[in-house]
Structures are given as structure tokens and as C-alpha cells.
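Spelled out, the chains give:
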Amino acid sequence: MQRLTISLSDELADAFDQWMRQRGYTSRSEAMRDMLRRELGERDLAQDDNQPCVAVLSYVFDHHQRQLSSRLTSLQHDHHDLAVATLHAHISHEDCVEAVVLRGRSAEVSAFAHSVIAETGVRHGMVQLIPVTPQPQPAPGWRRVK
Ligand code: NI
């Protein structure tokens, strides 16, 4: 663990404290750590199309819209290597919200997410990519639980 001391103008320090309070931080260190992780994560994702990542894709759609539900499901089946899990909730008589957890290489995950967001009838589409450290693949087959 390293301790960093930084100097800020009064104006910037006040703006930082205000941002922290709005976001619910009680510790400047935790707020600064999160800011740095976000910034460095974005850099990693921008620099490398092959950066392993997880992502959360969310959107709203009208389930009455012709064929849209089945098209969205088909898209996920076509990319079952990327789509890990989907949460679906009915938020009104017409609208559904879905949150899809994705895992894969950043360029593939981003391309798939944006193809879903671009579907006609999909609204409020957003995707957040989170870089992860590559892990060795677990061995195939059943494992004994200890
Ligand atoms: Ni629904």
C-alpha cells in the first residue's frame, strides 16, 4: 500500500468534496480509488480490442412490438459464448427491462451490445464494460466439492 499526497486548488477540492457527497462517498480515499480505477479501466479497454472484460448491458423494450422479444432472445442465443445471464423484469403492461451479463474480449462484447441497442424498439440501451485480469480456464468436467 502506498500513501499519495496531492495538492489541489481550493476550487477543485471543493468540487471534489461536493461530487463525493452526491455520490455517497464518506472517504476521499475511496472516492479517489474509484475514480482512478474507472479512468485506468477505460484506458485499458480503449487500448486493446482483446482486453478480457465483463459487461452489463441494459435496455427497455415493448414486448408487444412484433417479433422483438424473440429477436432479442435469438441474438443472445447466437452469441451464447458472450451472454452469460439475463435478468428480465416486467415494468408495466407494455415495457420490460433486461440486464444481460456479458463476458469476452472487449471488441466482441462491445459490438454485440451495440447491435442489441441498435435494434428497433430497444430504448435506453446502455453498456458498461469492466476490464478483468485473464484467469486460467478451469479444467473441463465435474470437480469434487470439498
Ligand atoms: Ni416482460
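None of these values were measured; they are calculated from a predicted model. (Residues numbered from 1 in each chain as written. Predicted model: local features only at pLDDT ≥ 70, side-chain atom pairs only at ≥ 80, totals over all residues. Heavy atoms only, no water.)

Here the focus is the coordination of the nickel ion. Only H88 (NE2), H90 (ND1) and C96 (SG) from the protein coordinate the nickel ion, and they sit 2.0 to 2.3 Å from it. Between the donor residues of the nickel ion, the gaps in sequence give the motif H-x1-H-x5-C. (Donors = N, O, S within 2.8 Å, 3.2 Å for Na, K, Ca; no water.)

This brings us to helix α1 (residues 10-23). Because an α-helix packs 3.6 residues into every turn, residues spaced three or four apart end up facing the same way. If you check α1, its first and last C-alpha atoms are 20 Å apart, about what 14 residues at 1.5 Å a residue would give, namely 20 Å. Residues of α1 that are buried include every one of A13, F16, D17, W19 and M20, and no others. End-on, the buried residues of α1 take up no more than an arc of 160 degrees, which puts them together on one face. In α1, the exposed positions that point more than 90 degrees away from the buried face belong to D10, E11, D14, R21 and Q22. Along its buried surface, α1 packs onto α2 (28-47). The positive-phi residue at the C-terminal boundary of α1 is G24, with phi of around 90 degrees. (Helix = DSSP H or I, 4+ residues; strand = E, 2+ residues; numbered from the N terminus. Expected span 1.5 Å × (residues − 1). Buried < 20%, exposed > 50% of the residue type's maximum accessible area, 1.4 Å probe, protein only. Arc of directions from axis to C-beta. Contact = heavy atoms within 4.5 Å.)

Next up on the list: the packing of aromatic side chains. By the definition in use, this model includes three aromatic pairs. Residues F16 and W19 carry aromatic rings whose centres are separated by 6.2 Å and whose planes lie at 15 degrees to one another, so their mutual orientation is stacked. Note that F16 and W19 are positioned in helix α1 at a spacing of three residues, about one turn of the helix. Given a relative accessible area of 17%, W19 falls into the buried group. Geometrically, the ring pair formed by W19 and Y25 is stacked, given 5.6 Å between the ring centres and 25 degrees between the ring planes. In terms of burial, W19 and Y25 fall into one category: buried. Every member of this aromatic cluster is reached through a ring pair, and the members are F16, W19 and Y25. (Phe/Tyr/Trp six-rings, centres within 6.5 Å; stacked < 30°, edge-to-face > 60°.)

The next thing to look at is helix α4 (residues 106-117). End to end, α4 covers 16 Å across 12 residues, agreeing with the expected 16 Å (1.5 Å per residue, within 8%). For α4, every residue scored as buried is listed here: S106, V109, F112, A113 and V116. End-on view of α4: buried residues confined to an arc of 140 degrees, all on one side of the axis. For α4, the secondary structure elements touched by its buried residues are α2, β1 (52-62), α3 (68-78), β3 (95-105) and β4 (122-131).

Quick look at the layout of surface pockets now. Rolling a probe over the atoms, with the probe sized like a water molecule, indicates the empty space that remains. Space inside the largest pocket adds up to approximately 640 Å³. If you trace the largest pocket, you find 14 residues lining it, with L4, T5, R28, S29 and M32 closest to the centre. Of all the secondary structure elements, the ones that give two or more residues to the lining of the largest pocket are α1 and α2. When residues in the lining of the largest pocket are grouped by element, the largest group, five residues, is from α2. Residue composition of the lining of the largest pocket, grouped by class: eight nonpolar, three polar and three charged. One number sums up the size of the second largest pocket: a volume of about 410 Å³. If you go around the second largest pocket, you meet 17 residues; those closest to its centre are P52, C53, R103, G104 and Q137. Residue assignment for the lining of the second largest pocket shows that the elements contributing at least two residues are β1 and β3. (1 Å grid on protein atoms, 1.4 Å probe; cavity = no way out; pocket = protein on both sides within 12 Å on 5 of 7 lines; lining within 4 Å. Points joined across faces, edges and corners; volume = space filled by probe spheres on them. Nonpolar A, V, L, I, M, F, W, Y, C, P; charged D, E, K, R; others polar.)

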